[in-house]
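Residue-level listing of the chains:
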Amino acid sequence: MTSEFGAGLELCSILVVDDEPGMRNFLVKILGPRCKRVEQAADVEEASRLLDNNHYDIVILDNILPGKSGLEWLREQRQVGFFADAILITAFADLETAIQALRAGAVDFVLKPFRSNQILNAVARSMDRLHLQRENYLLKYELSADATAGRGRLLGNSKEISDIRETLQRVAPLPTPVLFTGDTGTGKEIAARTLHAMSDRADKPFVPVNCASFSPEVIANELFGNVQNDPSQAHGRQDGLLLYASGGTLFFDEIAEMPLSLQATLLRVIEEMRIRPFGSQREVPLNLRFIFATNADLPTAVEQGNFREDLYHRINVLNVRMPTLRERISDLPELAAMFMKKLSHELRVPPLPLTEQVLLKLSCYDWPGNVRELRNLIERSLILGEFPPEFSGGDEDDTEAAADSLQAVERRHILTVLDACGGNRAEAARRLGVSRKTIDRKCAMWDV
């Protein structure tokens, strides 16, 4: 049944509004086994109460109701906040009713009497439309905000990154907010995306919001959306990112730049998991995971009055500090190789050889811009066709010395990981991504 009408039906929540018990029971019987949740109301007053406390994807609405028509009620609800698709059902259909239904904001029109597959198809069409609308909005947002720049995975086998990966695995199944801190370019968004991918929300949206990229007015509208109280508009609602991301993860980057005027509102959203779009009299429940990141000193910002203390304590439940590239320098060869392969493919230019001399010189650099600076260096070198002189390979006479230096780096790194594992060679091999035999051979060579 699910395959016939689409997978979206399983996730659908529906409110049936009809004064005829027989029709309500018929719709509940048809939709109940196929949909996530189906509730019913016998009149518009009961329907309004249910909408005040619950969120529905679709409202199936009879047009002939006691007191007022379904279309009159729909127009009223749109002015206070109606966050669902409306499917109108009626036994008295003509062209004028159809036009009025579209003007009132209904997305479909089903004529009584109807067969079960007709209403199921109408619901499936509506869910497909909602899914495509959300995908298109988020795709346009990512393209306009350059939100694809932070895509990737958390690479590296250094102790610092291994510990972070273990922490993320522990917190992934939990709803706990996570705060990533660390210098610019250390990979905070990459870590946030990794956490999202480890969670049970992995197939839902990951929506990054850079708080420093928007003015206070724009970011408020982007997040919360708005309701236009104009009954002449067929679609008087613009959903915000908080609604479009529902079910997934919302990542606030540069959270220290969040306007002070919005911080109290954000705190309430995190605590109550409900929002009220601008112009709406009705709140909407949310289902979101919140992740935050900053390179600022938030305790100092709190002391200076630039960041709310209550919000700081609410988002600082689990603080994951991202190490600088200098602190995880043993990961540099893997990161450099990944960037070289990825960027040479994107730029359609041949990759540059990462010789031992090049890797040694890269490892000796301080990297104040961290992983982002490494990426930029490799991209710039690919465009120019060579590494800068300070990173390029030296003369042939330097090869042996460079190789010896790299062997020393390798020995130090392997012994550091082995020490962190308490001498457990199997665990050290797993963290380093090599075989146990390689560790045994190296230890025998070094008489360890």
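Presented here is an overview of the structure given in this document. Throughout this document, residue positions are counted from 1 along each chain, in the order its sequence is written. In keeping with the model being predicted, local features are shown solely for residues with a pLDDT of at least 70 and side-chain atom pairs are shown and tallied solely at 80 or more, while totals for entire chains, interfaces and linings include all residues. As a rule here, side-chain values come from all non-hydrogen atoms in the structure, and water together with hydrogens is ignored.

## Regarding helix α16 (residues 370–384)
Test applied: The helix count covers DSSP runs of H or I at least four residues long, the strand count covers runs of E at least two residues long, and both are numbered beginning at the N terminus. To estimate how far a helix should reach, multiply one less than its number of residues by 1.5 Å. Summary of the burial criterion: residues with accessible area below 20% of their type's maximum are buried, those above 50% are exposed, and those between are partly exposed, where the area comes from a 1.4 Å probe applied to protein chains only. Of all possible arcs, the one meant is that of the directions from the helix axis to the C-beta atoms.
Here α16 spans 21 Å end to end across 15 residues, near enough to the 21 Å set by a 1.5 Å rise per residue. Along α16, the positions that sit buried rather than exposed are Asn370, Val371, Leu374, Leu377, Ile378, Ser381 and Leu382. Taken down its axis, α16 places every buried residue within 140 degrees of arc, on the same side. For α16, the exposed residues lying more than 90 degrees away from the buried face are Ile383 and Leu384. With its phi angle positive at about 85 degrees, Gly385 sits one or two positions after the end of α16.

## Concerning helix α14 (residues 332–347)
For clarity, the cut-off: Residue contacts follow a heavy-atom distance rule, with two residues in contact if any of their heavy atoms lie within 4.5 Å.
Over its 16 residues, α14 extends 21 Å from the first C-alpha to the last, a length consistent with the 22 Å expected when each residue adds 1.5 Å. Every buried residue of α14 is accounted for by Leu332, Leu335, Ala336, Phe339, Met340, Leu343 and Ser344. Down the axis, α14 shows its buried residues gathered within 145 degrees of arc, on one side only. Residues of α14 that are exposed and point over 90 degrees away from its buried face: Lys341 and His345. Each element contacted by the buried residues of α14 is listed here: α15 (356–364) and α16. Within two residues after α14, Arg348 carries a phi angle of roughly 60 degrees, on the positive side.

## Some words on a nonpolar patch on the surface
Keep this limit in mind: Residues enter patches when they are more than 30% accessible in relative terms and free of salt bridges; like-charged ones are connected within 9 Å and nonpolar ones (Val, Leu, Ile, Met, Phe, Trp, Tyr) within 5 Å. Method for areas: the Shrake-Rupley scheme with a 1.4 Å probe, in which residue coverage is limited to the protein chains shown. Salt bridges, as used here, are contacts in which a Lys or Arg side-chain nitrogen is within 4 Å of a carboxyl oxygen on Asp or Glu.
Taken together, the side chains of Leu347, Ile383 and Leu384 present a nonpolar region at the surface, about 310 Å² in accessible area. Position of Leu384 relative to the elements: it lies in helix α16. Note on Leu384: relative accessible area 62%, which makes it exposed.

## A look at the packing of α14 against α16
This is how the line gets drawn: Comment: axis = line fitted to C-alpha atoms, over the contacting stretch for helices; angle = value between 0 and 180 degrees taken between N-to-C directions. Roughly parallel covers angles under 35 degrees, roughly antiparallel covers those over 145, roughly perpendicular covers 65 to 115, and oblique covers all other angles. Handedness of a crossing is defined here by the sense of rotation of the near helix relative to the far one, left-handed for an anticlockwise turn of less than a right angle and right-handed for a clockwise turn. Residue polarity follows a fixed list, in which Ala, Val, Leu, Ile, Met, Phe, Trp, Tyr, Cys and Pro are nonpolar, Asp, Glu, Lys and Arg are charged, and the others, Gly among them, are polar.
As a packed pair, α14 and α16 sit with axes 9 Å apart at the nearest point and diverge in direction by 45 degrees. When the interaxial angle is binned, α14 and α16 end up oblique. Along this stretch, α14 crosses α16, giving a crossing that reads as right-handed. Together, Leu332, Leu335, Ala336, Phe339, Met340, Lys342, Leu343, Ser344, Glu346 and Leu347 of α14 and Val371, Leu374, Arg375, Ile378, Glu379, Leu382 and Ile383 of α16 make up the contact between the two elements. Its residues assigned to classes, the contact of α14 with α16 shows 12 nonpolar, 1 polar and 4 charged.

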